[in-house]
Amino acid sequence: HVGDEELDEALAGSDVVVIPAGVPRKPGMTRDDLFTINASIVKGLADGVARNCPSACVLIISNPVNSTVPIAAEALKAAGVYDKRKLFGVTTLDVCRANRFIADNLGVDPASLDVTVVGGHAGITILPLLSQIQGHSFSDDDIAALTHRIQFGGDEVVKAKDGAGSATLSMAWAGAHFATQVLRALDGETGITECSFVESDAAGADTDFFSTRIELGTEGVSKIHPIGEMSAFEQENFDKMLPELQA
């Protein structure tokens, strides 16, 4: 659609709605700086979903995902159509970066990895669980460096593009991949797992939304996997991130 007057027609009867709308980051901006603009855009689109396709799976890409997903949830709740199984924050780009950077470190094909990344989708709330990668080990220095690069890979792109925006091609790939996985699951394919920022108590009762590995089904989220065992380094970073997600 090209304007609010066409939104209802564009959304009518949709099974999956992907929301990447909003402004991109520029040098010096954090994802939180985008909040004022993008939050209102996401709320307006969530209202449109509630009116026209209340049973759709809604995939939120618009940053800051840690905030825009709860905003969409509140809009859907206000309309009486919220289904926690059908609202997703797309964190696939964090997994994509983790696979790429870790594969470079190991000298393997990124396609051979599927790193679990938990938490949220901003800075220190992004936590790749390197200790859960089977068959590989890393030095303490590599763990620290890889974790930091995965957490702040978005900043690296923003700086490299020097005012021309943030990650676009990689985010398009990540969004398309996650949307395709959701569609496959809606069509009845089983055993599909991805990481996504969803309503979850995986991190405890005080954290409403959290990204961990989920299983997708015909009604959206069919199972939320536990975080699993973490290393001491990961536990320390996990403890630091929680206040950010609970704020």
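Nothing here was measured: the structure is a model prediction, and the numbers come from that model.

A. Representation of the packing of helix α2 (residues 35-52) against helix α3 (residues 65-78) in the model. The geometry of α2 relative to α3 is characterised by a closest axis approach of 9 Å and an angle of 35° between their N-to-C directions. Judged by the sense of rotation from one axis to the other, the crossing of α2 with α3 is right-handed. Facing α2, whose interface residues are F35, A39, V42, K43, A46, D47, V49 and A50, α3 presents S67, T68, I71, A72, A75 and L76. Taken together, the residues of the contact of α2 with α3 sort by class into ten nonpolar, two polar and two charged.

B. Representation of the packing of aromatic side chains in the model. Scanning all chains against the criterion turns up three aromatic pairs. When the ring of F88 is compared with that of F178, the centres are 5.6 Å apart and the planes differ by 65°; the resulting orientation is edge-to-face. Linking F88 in strand β3 (residues 87-89) with F178 in helix α7 (residues 169-186), this pair joins segments that are 90 residues apart in sequence. Side by side, F88 and F178 carry an identical accessibility label, which is buried. For the pair F210 and F238, a centre-to-centre distance of 6.0 Å together with 75° between the ring planes defines the contact as edge-to-face. Highlighted residues: F210 in strand β7 (residues 209-217) and F238 in helix α8 (residues 232-246), separated in sequence by 28 residues. Of the residues examined, F210 reaches a relative accessible area of 0% and is grouped as buried. Directly above the ring of F101 sits R149, whose terminal nitrogen or CZ lies 3.9 Å from the centroid.

C. The arrangement of α3 in detail. With 14 residues, α3 should reach 20 Å at 1.5 Å per residue; the first-to-last C-alpha distance of 20 Å fits that figure. Those residues of α3 that fall on the buried side of the exposure criterion are V65, N66, T68, V69, I71, A72, A73, A75 and L76. After α3 finishes, the residue G80 shows a positive phi value of roughly 75°.

D. Spatial organisation of the pairing of β7. Of all nine residues making up β7, eight are buried, and the element is well covered by its neighbours. Pairing of strand β6 (residues 192-199) with β7 involves eight bridges; the strand directions are antiparallel. By the bridge assignment, C195 is partnered in β7 with R213. Both β7 and strand β8 (residues 220-224) contribute to a ladder of four bridges, which runs antiparallel. Its bridge partner being in β8, L216 is matched across the sheet by V221. A loop of two residues connects β7 with β8, the two strands running antiparallel in sequence.

E. Highlighting the nonpolar core. Ranked by size, the top nonpolar core spans 34 residues in total, and within it I60, L87, F210 and F238 carry the most contacts. Counting residues in hydrophobic clusters, the runner-up holds 19 residues, among them F88, A167, A174 and A185.

F. Looking closely at the environment of A232. Along the chain, A232 falls in helix α8. By relative accessible area, A232 is classed as exposed at 67%. The sequence separation of A232 and S131 amounts to 101 residues, and the corresponding C-alpha distance is 9.7 Å.

G. Just the environment of I143, in detail. Note on placement: I143 falls in helix α5 (residues 140-151). Along the backbone, I143 and L130 are 13 residues apart, and their C-alpha atoms lie at a distance of 7.3 Å.

H. Examining the side chain of S211 more closely. Relative to the assigned elements, S211 resides in strand β7. On the basis of relative accessible area, S211 is assigned to the buried category, the value being 1%. Within the structure, the side chain of S211 is placed 3.3 Å from the side chain of T91, a separation counted as a polar contact. A distance of 3.3 Å separates a polar atom in the side chain of S211 from the backbone oxygen of S196. Every residue in contact with S211, bar those within four places of it in the chain, is listed here: T91, V117, V118, G119, C195, S196 and F197.

I. Fine view of α8. Over its 15 residues, α8 runs 22 Å from end to end, which matches the ideal 21 Å to within 8%, given 1.5 Å per residue. Every buried residue belonging to α8 is among E234, N237, F238, M241, L242 and L245, and all of these are buried. Residues of α8 that are buried make contact with α3, β4 (117-119), β5 (126-128), α5, β6 and β7.

Rules and cut-offs
Every residue gets a number counted from 1 within its own chain, in the order that chain's sequence is written. For this predicted model, a pLDDT threshold of at least 70 governs which residues receive local features, and a threshold of 80 or more governs which side-chain atom pairs are given and counted, while totals over whole chains, interfaces and linings are taken from all residues. Hydrogens and waters are ignored; side-chain quantities use all the structure's heavy atoms. Structural elements are reduced to axes, namely lines fitted to C-alpha atoms, with helices fitted over the stretch in contact, and the angle between N-to-C directions of any two is expressed from 0 to 180 degrees. Going along the chain from the N terminus, every DSSP run of H or I of four or more residues is numbered as a helix, and every run of E of two or more is numbered as a strand. Two helices that cross are described as forming a left-handed crossing if the nearer one is turned anticlockwise from the farther one by less than a right angle, and a right-handed crossing if clockwise. Whether two residues touch is decided by their heavy atoms; if any such pair falls within 4.5 Å, the residues are in contact. When residues are grouped by polarity, Ala, Val, Leu, Ile, Met, Phe, Trp, Tyr, Cys and Pro land in nonpolar, Asp, Glu, Lys and Arg in charged, and all others, Gly among them, in polar. Only Phe, Tyr and Trp rings are paired, with Trp represented by its six-membered ring, and only when their centres lie within 6.5 Å; those with planes under 30 degrees apart are stacked, over 60 edge-to-face, the remainder tilted. Under the scheme applied here, a residue whose accessible area is under 20% of the maximum for its type counts as buried, over 50% as exposed, and between as partly exposed, the area being computed with a 1.4 Å probe on protein chains only. Whether a charge lies above a ring is judged from NZ of Lys or CZ of Arg, which has to be within 6 Å of the ring centre and within 35 degrees of the ring normal. By this rule the span expected of a helix is its residue count minus one, scaled by 1.5 Å. What makes two strands pair is DSSP finding at least two bridges between them. We define the nonpolar core as a collection of buried residues of types Ala, Val, Leu, Ile, Met, Phe, Trp, Tyr and Cys that are connected through side-chain atoms lying within 4.5 Å of one another. What qualifies as a polar contact is a pair of N or O atoms within 3.5 Å, subject to a donor-acceptor requirement within protein and to the restriction that residues adjacent in sequence count only when both atoms come from side chains.

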